[in-house]
Amino acid sequence: MSASYSRFETLAVHAGEPRPTHGGSIVFPIFQGTVYETPPEGGVDYLRYSNTPTQTYVHDKLAALEGAEAALATASGMAAISTALHSVASAGDHVIVAGTLYGGTHVFLTEHAPHLGWNVDFVDAADPAAWEAALRPETKAIYTESISNPLVRVPDLAGIAAFAARHGLSSIIDNTFPTPVNFRPHQIGFDLVCHSATKTLNGHSDIVAGVITGSADRIAKAHACLKLYGGSLDPHAGFLLARGLKTLALRVRQQNANALAIARFLEGHRAIAEVAYPGLESHPDHARAAELFDGFGPVLCFRPAAGLDAAEKLLKALELPYVAPSLGGVETLITRPAITSHAGMSPEARSAEGIEDDLVRLAVGIEATEDLVDDFKNALDSI
Ligand SMILES: *Cc1c(COP(=O)(O)O)cnc(C)c1O
């Protein structure tokens, strides 16, 4: 495809698609085979090596969308995150983590990293002096998420990338919440970008998958780790992921619009005490988010004025959202993090992070904005 047709929506549809097509098929076929005939020059194409046709096709599309030289698809978001970290850290190395993390990543870095001989320090993402203070001669990497869960804080991402560059560290970011439609971390200097493609990239709540993007050199290192740890992407999931990616821009724009409309509606409602969404002027990181992002993503949080009882009644009264964790699908999901995503933390630790029992997290889908707002209006009137 010529370089002039490089707008995101066009790339989502056409990047990675071979011309001429395979057998005339507009849709890239699923190459489900595990092993391929040996070419005259030798070499092995094998599913676990992530170098078979459907896997390579998915890599090309993902690299184009994240604006990276290369991409590597993985069996899950956790496979992407653990592989990215394994590709930059060895026994004895030190990793700085800025801010709060997805639960699985938090457990990996607190409970599993010591078995690998990695030393990990968690620092305040908003306090550059704390990053400097954490530096050691053996520091190799700094890790962050674009938007924290569930309180949707936005760290000083440009500052973190610059800090890493200044000190020769690898910078790694989990960009699951914004997706490249809203934010492209390589553009501000992040070395490795990870996603749970289970969420918005696939967007239909029907596969588990992940991706890492970066320079060809860095992805080659990650690829070598993935081959050994075995977390390669199944071709059928790869086919579904590529299908989801073609509509990514449309879905994310609708989710941005839905989340902002509901956040504004809730903020103006007397039964709601607090709303957190980076698209609201009242959010502490709104200015930074507005500068870095093209949209604010599908997730927002709020607390009913009447507390836990009202939160529980509201979840029952809403007709459209399913009561479930996760995010990024076409259907709207609603959950109380205290009993789902953050149930593993002690009540004291949750409270210290601002995750109270009556905190409700909403991950919007692509339903009509007016219907979602009406559903909230009716549900709040009825409780
Ligand atoms: C879901 C999620 C993950 C883990 O992804 P899996 O596909 O479940 O392995 C990592 N980071 C974030 C921000 C997530 O939301």
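Residues numbered from 1 in each chain as written. Predicted model: local features only at pLDDT ≥ 70, side-chain atom pairs only at ≥ 80, totals over all residues. Heavy atoms only, no water.

How would you explain the site of the ligand if you had to name every residue and give the values?
As a matter of local geometry, the ligand sits amid 14 residues, with Met 78, Asp 174, Ser 196, Thr 198 and Lys 199 nearest to it. Between Gly 77 and the ligand, the recorded distance is 2.9 Å, taken from a backbone N or O atom to an oxygen atom. One nitrogen or oxygen atom from the side chain of Thr 198 is found 2.6 Å from an oxygen atom belonging to the ligand. Looking at the shell around the ligand, the element that brings in the most residues is helix α3 (residues 77-86), giving 3 residues. (Near = heavy atom within 4 Å. Polar contact = N/O pair within 3.5 Å; in protein donor to acceptor, adjacent residues only side chain to side chain. Helix = DSSP H or I, 4+ residues; strand = E, 2+ residues; numbered from the N terminus.)

Outline the sheet that holds strand β4 (residues 139-145), listing residues and values.
On the basis of which strands lie adjacent, the open sheet formed by 7 strands has the order β1-β7-β6-β5-β4-β2-β3 and mixed pairing. Strands at the two margins of the open sheet, each flanked by one partner only, are β1 (70-74) and β3 (119-123). Looking at each pair of strands side by side, their axes are set apart by 20° on average, direction ignored. Here strand β2 (residues 94-98) runs beside β3; their pairing, made up of 5 bridges, is parallel. The residue bridging His 94 from the neighbouring strand is Asn 119, located in β3. In this fold helix α2 (residues 53-66) packs onto β1, β6 (192-196) and β7 (210-214), with an angle of close to 120° to the strand it touches most, β1. With respect to the sheet, helix α8 (residues 216-229) is in contact with β1, β5 (170-174), β6 and β7, its orientation differing from that of β1 by roughly 20°. (Pairing = 2+ DSSP bridges. Axes fitted to C-alpha atoms, helices over the stretch in contact; angles between N-to-C directions. Contact = heavy atoms within 4.5 Å.)

Describe the side chain of Asn 175, listing the residues and the values that go with them.
The residue Asn 175 is located in the loop between β5 and α7 (179-182) in this model. Overall, the relative accessible area of 0% leaves Asn 175 in the buried class. One polar contact links Asn 175 to Glu 66, side chain to side chain, over a distance of 3.4 Å. Discounting residues that sit within four places of it in the chain, Asn 175 has contacts with Glu 66, Ser 146, Pro 180, Phe 183, Pro 185, Val 193, Cys 194 and His 195. (Buried < 20%, exposed > 50% of the residue type's maximum accessible area, 1.4 Å probe, protein only.)

I'd love a proper account of the nonpolar core, names of residues and values included.
Core analysis: the biggest nonpolar cluster contains 57 residues, and Leu 266, Phe 293, Leu 300, Phe 302 and Phe 376 have the highest contact counts within it. Two domains share this core, each providing at least three of its residues, namely domain 1 (8-245) and domain 2 (248-382). Setting aside anything within four residues of it in sequence, one finds Phe 293 in contact with Ser 146, Ile 147, Val 154, Leu 157, Asn 182 and Phe 183. Judged by nonpolar contacts, the second largest core, of 27 residues, contains Leu 11, Val 181, Ile 207 and Leu 233. (Core = buried A, V, L, I, M, F, W, Y, C linked by side-chain atoms within 4.5 Å. Domains from an automatic or database assignment.)

Before we move on, can you summarise helix α9 (residues 235-246) with the specific residues and values?
For α9, with 12 residues, the first-to-last C-alpha span of 17 Å sits near the 16 Å given by 1.5 Å per residue. Every buried residue of α9 is listed here: Pro 235, Ala 237, Gly 238, Leu 240, Leu 241, Ala 242, Gly 244 and Leu 245. Contacts made by the buried residues of α9 are with α1 (8-14), α2 and α10 (248-267). At the N-terminal boundary of α9, the capping side chain belongs to Asp 234, with an oxygen 2.9 Å from the backbone nitrogen of His 236. (Expected span 1.5 Å × (residues − 1).)

Run through the packing of aromatic side chains, naming residues and quoting values.
On inspection of all chains with the given rule, the structure shows 8 aromatic pairs. Between Phe 108 and Trp 118, the aromatic rings sit 5.9 Å apart at their centres with planes inclined by 75°, giving edge-to-face as the arrangement. With Phe 108 in helix α4 (residues 103-116) and Trp 118 in the loop between α4 and β3, this pair connects stretches of sequence that are 10 residues apart. Like Phe 108, the residue Trp 118 is buried in the burial classification. Each ring, one from Tyr 277 and one from Phe 296, has its centre 6.3 Å from the other, and the planes form 75°; the classification is edge-to-face. (Phe/Tyr/Trp six-rings, centres within 6.5 Å; stacked < 30°, edge-to-face > 60°.)

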